[in-house]
Amino acid sequence: MNVTEALKARISVRAFKPDPLPETLVREILDIARFAPSGGNLQPWKVIAVSGAERDEVVALAKANLPGAEDDRPVYPANLWEPYRSRRYKLGEDMYALLDIPRENKGARLMHLMQNYEFFGAPVGLFFVIEKAMGHGQWAHMGMFMQSVALAAIERGVGSCMQEAWARMRVPLASHFALPDEEMIYCGMALGYADETKAVNTLRADRASVDEFATFKGF
Ligand SMILES: Cc1cc2nc3c(=O)[nH]c(=O)nc-3n(C[C@H](O)[C@H](O)[C@H](O)COP(=O)(O)O)c2cc1C
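Structural notes, computed from the coordinates. Keep in mind that this is a model prediction, so the values were computed, not measured.

What follows covers the side chain of Glu183. Position of Glu183 among the secondary structure elements: in strand E4 (residues 183-192). Within the structure, the side chain of Glu183 is placed 2.5 Å from the side chain of Lys46, a separation counted as a polar contact. Leaving out residues up to four positions away in the same chain, Glu183 has contacts with Lys46, Val129, Ile130, Glu131 and Lys132.

Structurally, Asp195 can be placed in the loop between E4 and helix H8 (210-213). The exposure class of Asp195 is buried, given its relative accessible area of 13%. Only 3.1 Å separates the side chain of Asp195 from the side chain of Lys198, close enough to count as a polar contact. Here Asp195 is in contact with Ala15, Phe16, Lys17 and Asn201, once residues within four sequence places are set aside.

Right, let's talk about the site of the ligand for a bit. The local shell around the ligand holds 15 residues, among which Ser12, Arg14, Glu164, Ala165 and Arg207 are the closest. Ser12 has a polar side-chain atom sitting 2.6 Å from an oxygen atom of the ligand. At a separation of 2.8 Å, an oxygen atom of the ligand approaches a polar backbone atom of Ala165. In the complex, the protein chains occlude 73% of the 620 Å² of accessible area that the ligand would expose alone. Counting residues per element, the shell around the ligand draws most heavily on strand E3 (residues 159-163), at 3 residues. Across the shell around the ligand, the residue classes tally to 8 nonpolar, 3 polar and 4 charged.

Rules of the game
- Residues numbered from 1 in each chain as written.
- Predicted model: local features only at pLDDT ≥ 70, side-chain atom pairs only at ≥ 80, totals over all residues.
- Heavy atoms only, no water.
- Helix = DSSP H or I, 4+ residues; strand = E, 2+ residues; numbered from the N terminus.
- Polar contact = N/O pair within 3.5 Å; in protein donor to acceptor, adjacent residues only side chain to side chain.
- Contact = heavy atoms within 4.5 Å.
- Buried < 20%, exposed > 50% of the residue type's maximum accessible area, 1.4 Å probe, protein only.
- Near = heavy atom within 4 Å.
- Areas by Shrake-Rupley, 256 points an atom, 1.4 Å probe, with all protein chains shown as cover.
- Nonpolar A, V, L, I, M, F, W, Y, C, P; charged D, E, K, R; others polar.

Structure, rendered in structure tokens:
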């Protein structure tokens, strides 16, 4: 699999098979991802990987703390504007259409959202930890690292879903993992083998064309 193939093959998997991932494989994925770039080579990322009973504990913790709460670093800006608002709306509509859950069925939509807190059935959860004092630059570098994790994973046939849903659980997770005061969880990631029989995994999120986001000058 070359880089182009990996970029296209990586999608957000939202239904996993329960088959476990050995620690050696998760380590191998992180061992590749650590070559992600970061400004000043700060490598501002830390990872907590959970599997087995540790994963189940985190899932139970989330259940006990539903619906969680946003902190002062919300996932989206307030009152999302165009074109972002429509893009987000369309993603949701496309996903619920595949799941056959109509707009009126708020309960079923919520139930699907709650599956975030079960890692969509994935056997492994990753939590990406960053120091609170780090700025927007380092958060961007964390993103590069996370994409690297997802690409190294798909090269090995392992699917992933980045999960900012876990941001709502930052407080209980920090105490569960006894994070030092200066650290916080940015995001979660489900990791495992995609259940290809599930319609939700056929979702291919739209992308804007190059002309919609790029300007070329001086060519
Ligand atoms: C940082 C980040 C956090 C995300 N959080 C969630 C999440 O909590 N739950 C979810 O189902 N998808 C989540 N996603 C997946 C996005 O919806 C998805 O990447 C986007 O729609 C593009 O689709 P694709 O990943 O299948 O290409 C997240 C993606 C990123 C990059």
